[in-house]
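Commentary on secondary and tertiary structure
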Amino acid sequence: QVQLVESGGGLVQPGGSLRLSCAGSGSIFSINAMGWYRQAPGKPRELVAGITSGGSTNYADSVKGRFTISRDNAKNTVYLQMNSLKPEDTAVYYCNAHLVRTDLRFVDYWGQGTQVTVSS
């Protein structure tokens with residue numbers, strides 16, 4: 001059994017900041033790539049930022065320079081620091097992990113999602 005548990009969402013004013021966390025637990029042998037996706041109402045889920053096990057990162061053009069993804073491999077945790085938030089960043093944010101379970105199977109897992117609302 002593997003779980004990804006997200007935290008840190010909420011309501012923030014435009015220009016504000018939030019930090020999302022996603023912690024993996026359970027039968028994890030190792031985690032390869034991790035990432036954050038988001039889905040706004042009526043829109044498809046989109047990649048926000050990704051990070052490899054070696055620390056290489058990639059970002060959606062819409063968040064470059066404002067969001068920073070990082071990870072703590074010892075804690076199986078990925079973070080998303082979001083600065084200069086805009087109303088168009090409002091969405092449910094999902095954590096994703098490509099990992100190897102203790103049974104040595106490669107599996108893709110998703111968190112339950114956390115709501116981020118940017119509004120005055």
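Reference entry: report on the structure contained in this document.

With respect to the helices and strands, T52 occurs in the loop between β5 (46-51) and β6 (57-59). Counting along the chain gives 61 residues from T52 to G113, while the straight-line C-alpha distance between them is 21 Å.

Here we come to the side chain of R38. Within the element layout of this structure, R38 appears in strand β4 (residues 28-39). Of the polar contacts made by the side chain of R38, one reaches the side chain of S62; its length is 3.3 Å. Within polar-contact distance, the side chain of R38 engages the side chain of Y93 at 2.9 Å. Setting aside residues up to four positions removed in sequence, R38 forms contacts with P44, R45, E46, V48, S62, V63, F67, E88, D89, A91, V92 and Y93.

This brings us to the pairing of β5. Pairing of β4 with β5 involves 5 bridges; the strand directions are antiparallel. Bridging from a neighbouring strand, G35 pairs with G50 of β5. In this antiparallel pair of consecutive strands, β4 and β5, the connection spans 6 residues, and G42 shows a positive phi of 80°. Across 3 bridges, the pairing between β5 and β6 is antiparallel. Bridge pairing in β6 links I51 to T57.

Before going further, it helps to spend a moment on the nonpolar core. Judged by nonpolar contacts, the single largest core of 30 residues is most densely connected at W36, V48, F67, V78, L80, M82 and Y93. Among the secondary structure elements, those contributing two or more residues to this core are β1 (2-7), β3 (18-26), β4, β5, β7 (67-72), β8 (77-82), β9 (91-101) and β11 (114-118).

You can see L80 is positioned in strand β8. Here the alpha-carbon distance between L80 and T117, two residues 37 residues apart in the chain, equals 15 Å. Apart from the residues lying within four places of it in its own chain, the contact partners of L80 are L18, R19, L20, W36, V48, A49, F67, T68, I69 and Y93.

What follows concerns unusual backbone geometry. Of note in the backbone geometry, N76 takes a positive phi value of approximately 50° without being a glycine. Among the secondary structure elements, N76 is positioned in the loop between β7 and β8. Although it is not a glycine, L104 sits at a positive phi angle of roughly 70°. You can see L104 is positioned in the loop between β9 and β10 (106-110). Classification of L104 by relative accessible area gives exposed; the value is 56%.

Conventions we followed
Along each chain, residue indices are assigned from 1 in the same order as the chain's sequence is written. Whole-chain, interface and lining totals are the exception, using all residues; otherwise, since this is a predicted model, local features are given only for residues with pLDDT of at least 70 and side-chain atom pairs are given and counted only at 80 or more. The side-chain quantities take in all heavy atoms of the structure and omit both hydrogens and water. To qualify as a helix, a DSSP run of H or I must reach at least 4 residues; to qualify as a strand, a run of E must reach at least 2; elements of each kind are numbered from the N terminus. As used in this structure description, the phrase polar contact means that two N or O atoms lie within 3.5 Å; if the pair is within protein, one of them must be able to donate a hydrogen and the other to accept it, and residues adjacent in sequence are counted only when both atoms belong to side chains. Any pair of residues with heavy atoms lying within 4.5 Å of one another is described as a contacting pair. By definition, two strands form a pair when at least two bridges between them are found by DSSP. By nonpolar core is meant a set of buried Ala, Val, Leu, Ile, Met, Phe, Trp, Tyr and Cys residues that side-chain atoms within 4.5 Å join together. We call a residue buried when its accessible area falls under 20% of the maximum for its residue type, exposed when it is over 50%, and partly exposed in between, using a 1.4 Å probe and counting protein chains only.

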